[in-house]
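Inside the fold
Read off the chains here:
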Amino acid sequence: MAPIIQIDHLSKRYAGGTTALDDVSLSIEAGEILALLGPNGAGKTTLISIICGLVTPTQGTVRVGGHDIATDWRAARRMIGLVPQEIALEPFETVANSVRFTRGLYGAPPDEPHIEQVLRSLALWDKRDAPTKTLSGGMKRRVLIAKALSHKPQVLFLDEPTAGVDVQLRREMWQVVRELRASGVTIILTTHYLEEAEEMADRIGVIDRGKLLLVRPKDQLMGEFGRKQLTVELDAPLAALPEGWGLRGITLSADGRSLEYDYDARADRTGIGRLLAELGRLDLGVRDVATRQSSLEEVFMALLAGEQAAGGQAVGEQVVGEQGDAR
Amino acid sequence: MSWRSIRTIYLHEMARFFRTIWQSLASPVLSTVLYFVVFGAAIGGRIQSVEGVPYGAFIVPGLMMLTVLQQSVANASFGIFFPKFSGTIYEYLVAPAGWVEVMLGFVGAAASKAILIALVILLTSFFFVGVHVAHPFWMLAFLVLTATGFSLLGFILGLWAKNFEQLQIVPMMVITPLVFLGGAFYSASMLPPFWEQVARLNPVLYLVSGFRWSFFGIADVPVGVSLGAVALMIVALLLAIRWIFMTGWRLRE
């Protein structure tokens, strides 16, 4: 089956010389959730802004549902809904009218049952007659999603959907995205939270400094790079590691007061229970226990180090080749 | 072209006008009354007639033109600037609506508002002076063409402006002086010969002159020249708007 979005050799260079996007190629299948992961300024927003028509590419092509965004832009854009990163709403417009406006702007005929269904699914129906300026930040973001869904798009772009929102709202957003995917919408979201990508995506694309470093199924990527570390602070310093612990990935700090254990959080048996049981058996008092997951920066470092070690070629060339293999 | 997109933008813009209908109408009506009191009664008392037309009636087309120009530019520029300011401009840029749809929606609404206000001013003037419109069809034609032309100009101004100061400076520094120097309150023939020739460089003179002809059958310049000037203006502005949307100037990165 042909991909719903096909991006080939897409680049964006600004007049000042900044390269925001550098020769990106990517295929996105219908019905999947693709998370574009990368730090601020990596090029994530530039990529989706080009596909949606907000930024003009310097070179390359994008097809949405087989329609070229440059030559057949009307058909391509009818398939797309965009939820921008910044909350931008007309303050005096009511929620329902705001959603109706977007639908009309897309040239779609009035469809009140659809508007009602969208507003209900986003828990906005009770607020349909409220001016958007009276809504909370979370509700405003949901209004943006409702507007983006007003014309029944097949592809939805969510640009940093949970940037600056609290934990509860973040989880609500994740639920909304899952429900949208269940309804058949292809979703491309950008985020700089590894946790968010892990929570929602089928595939994860890692982007940095305008280059798409790789695109892999989430399980594969997290298995490779999503390691966690357990730190156990001891009551009393330990002179040396008990025999055999070093082979299990356990290390002792220089002052002997803490143990560090690298483990795969996705494994059936993480080995944490065994370690704690052994500490009890050896009568080693535990003062504190903490875990931490590989940060995005560490994932990048691991990615780059791995690619360099694998081929000894320029990193960019190597990972672009790999990205082509992802689909 | 999507008529539904045009209609959506048009009705959205008109809804803002009707939400504040009394403010929208009260201000121009009050201004008109003041103009009639100051120019019509106070000064008009000393100027009995201009080219055979009582001075109070003579300034009616000029007052209407003054309002149409100011309202067209203000409405159209604010209409497109506000989405830029609030960030909602992205909706217009990602929608499957081209520059023609977006332009017709905004410019159509801005011109409609200006025409409505101009007609209200005409009605108001009936309370002060006896005005007879000699060529109603051409009066409406000039009104529509002028409102369209200056709404297009306002639309470009709104696209160009980066802040509210820029949005206000052009109407204040350019449009208002052009209107006052364009014969709104006098005939160009009343000026000394040199200044009469300078006044002919002012495009607004042609609009006021043509419009006044539709009322009284008198004009500073031939009516055909007035029509040609406004048509030329509309074509030039349409080409400029097309260029802005094609290149994404001040719209797309």
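Residues numbered from 1 in each chain as written. Chains lettered and ligands numbered in written order. Predicted model: local features only at pLDDT ≥ 70, side-chain atom pairs only at ≥ 80, totals over all residues.

1. Quick word on the overall build of chain A
Within chain A one finds 11 helices and 14 strands. Buried positions account for 38% of the 327 residues belonging to chain A. In chain A, the share of contacts with a sequence separation of at least 24, taken over all contacts with a separation of at least 6, comes to 69%. (Helix = DSSP H or I, 4+ residues; strand = E, 2+ residues; numbered from the N terminus. Buried ≥ 20, exposed ≤ 12 C-beta atoms within 10 Å, placed from the backbone. Contact = placed C-beta atoms within 7 Å.)

2. Quick notes on helix α5 (residues 137–149) of chain A
All names here are of chain A. Between its first and last C-alpha, α5 extends 19 Å over 13 residues, near the 18 Å set by a 1.5 Å rise per residue. Among the residues of α5, those classed as buried are R141, R142, V143, L144, I145, A146, K147, A148 and L149. On its buried face, α5 sits against β6 (80–83), α3 (95–105), α4 (112–121), β7 (155–159) and α6 (167–182). (Expected span 1.5 Å × (residues − 1).)

3. Here we look at the nonpolar core
A:A35, A:F157, B:M65, B:F106 and B:F155 are the most contacted members of the largest nonpolar core, which totals 148 residues. Considering every element that reaches this core, the biggest residue donor is helix α3 (residues 55–86) of chain B, with 17 residues. Residue contacts for B:M65: discarding those within four places in its chain leaves B:T146, B:V179, B:A184, B:L207, B:V208 and B:F211. (Core = buried A, V, L, I, M, F, W, Y, C linked by C-beta atoms within 7 Å.)

4. Concerning unusual backbone geometry
Residue and element names in this part refer to chain A. In this structure, A123 takes a positive phi of about 55° despite not being glycine. Despite not being glycine, E160 has its phi angle at roughly 50°, a positive value. Summarising the element assignment, E160 is placed in the loop between β7 and α6.

5. A short note on the interface of chain A and chain B
Chain A puts 22 residues into the contact, and the matching count from chain B is 19 residues. At the level of secondary structure, the elements contributing two or more residues to the side of chain A that touches chain B comprise α2 (73–78), β6 and α3 of chain A. The biggest single contributor to the side of chain A that touches chain B is α3(A), with 4 residues. When its residues are assigned to classes, the side of chain A that touches chain B shows 12 nonpolar, 5 polar and 5 charged. (Nonpolar A, V, L, I, M, F, W, Y, C, P; charged D, E, K, R; others polar.)

6. Quick word on the UniProt feature "transmembrane region" (unreviewed entry) in chain B
Residue and element names in this part refer to chain B. Following the UniProt record, the feature "transmembrane region" (unreviewed entry) maps to residues 21–43, 55–82, 103–131, 137–160, 172–195 and 215–245 here. Secondary structure content for residues 103–131 is 79% helix and 0% strand, and the end C-alpha separation is 35 Å. Each end of residues 215–245 is marked by a C-alpha atom, and these two atoms are 38 Å apart; helix forms 81% of the span and strand 0%. (UniProt positions renumbered as here; feature names shortened; annotations may be inferred.)

7. Topic: the packing of helix α5 (residues 99–125) of chain B against helix α6 (residues 136–160) of chain B
Residues and elements named next belong to chain B. Taken N-terminus to C-terminus, the directions of α5 and α6 make an angle of 130°; their axes are 8 Å apart at the nearest point. It follows from the interaxial angle that α5 and α6 lie oblique. Note on packing geometry: the crossing formed by α5 with α6 is right-handed. Mapping the contact onto sequence places M103, F106, V107, A110, A111, A114, I115 and A118 in α5 and L143, V144, A147, T148, S151, L152, G154 and F155 in α6. Class assignment of the residues belonging to the contact of α5 with α6 gives a composition of 13 nonpolar, 3 polar and no charged. (Axes fitted to C-alpha atoms, helices over the stretch in contact; angles between N-to-C directions. Parallel < 35°, antiparallel > 145°, perpendicular 65-115°, else oblique. Left-handed = near helix turned anticlockwise from the far one by under 90°.)

8. A few points about the environment of A:A265
In this structure, A:A265 sits in the loop between β13 (258–263) and α9 (272–281). For the pair A:A265 and A:M222, spaced 43 residues apart in the sequence, the C-alpha separation amounts to 9.5 Å.

9. So, the pairing of β13(A)
All names here are of chain A. Alignment of strand β11 (residues 228–234) against β13, held across 6 bridges, turns out to be antiparallel. When the bridges of β13 are listed, T231 appears paired with E260. Bridge analysis of strand β12 (residues 250–252) against β13 gives 3 bridges, and the strand direction is antiparallel. What sits directly across from I250, in β13, is Y261. (Pairing = 2+ DSSP bridges.)

10. Let's talk about the sheet that holds strand β9 (residues 203–208) of chain A
Residues and elements named next belong to chain A. Ordered by their spatial adjacency, 6 strands build an open sheet running β6-β7-β8-β3-β9-β10, and the pairing between neighbours is mixed. One side of each edge strand has no neighbouring strand; the edge strands of this open sheet are β6 and β10 (211–217). Between one strand axis and the next, the sheet turns through 15° on average, direction left out of account. Here 4 bridges tie β6 to β7, and the two strands are oriented parallel to one another. Residue pairing across strands places I80 opposite V155, the latter belonging to β7.

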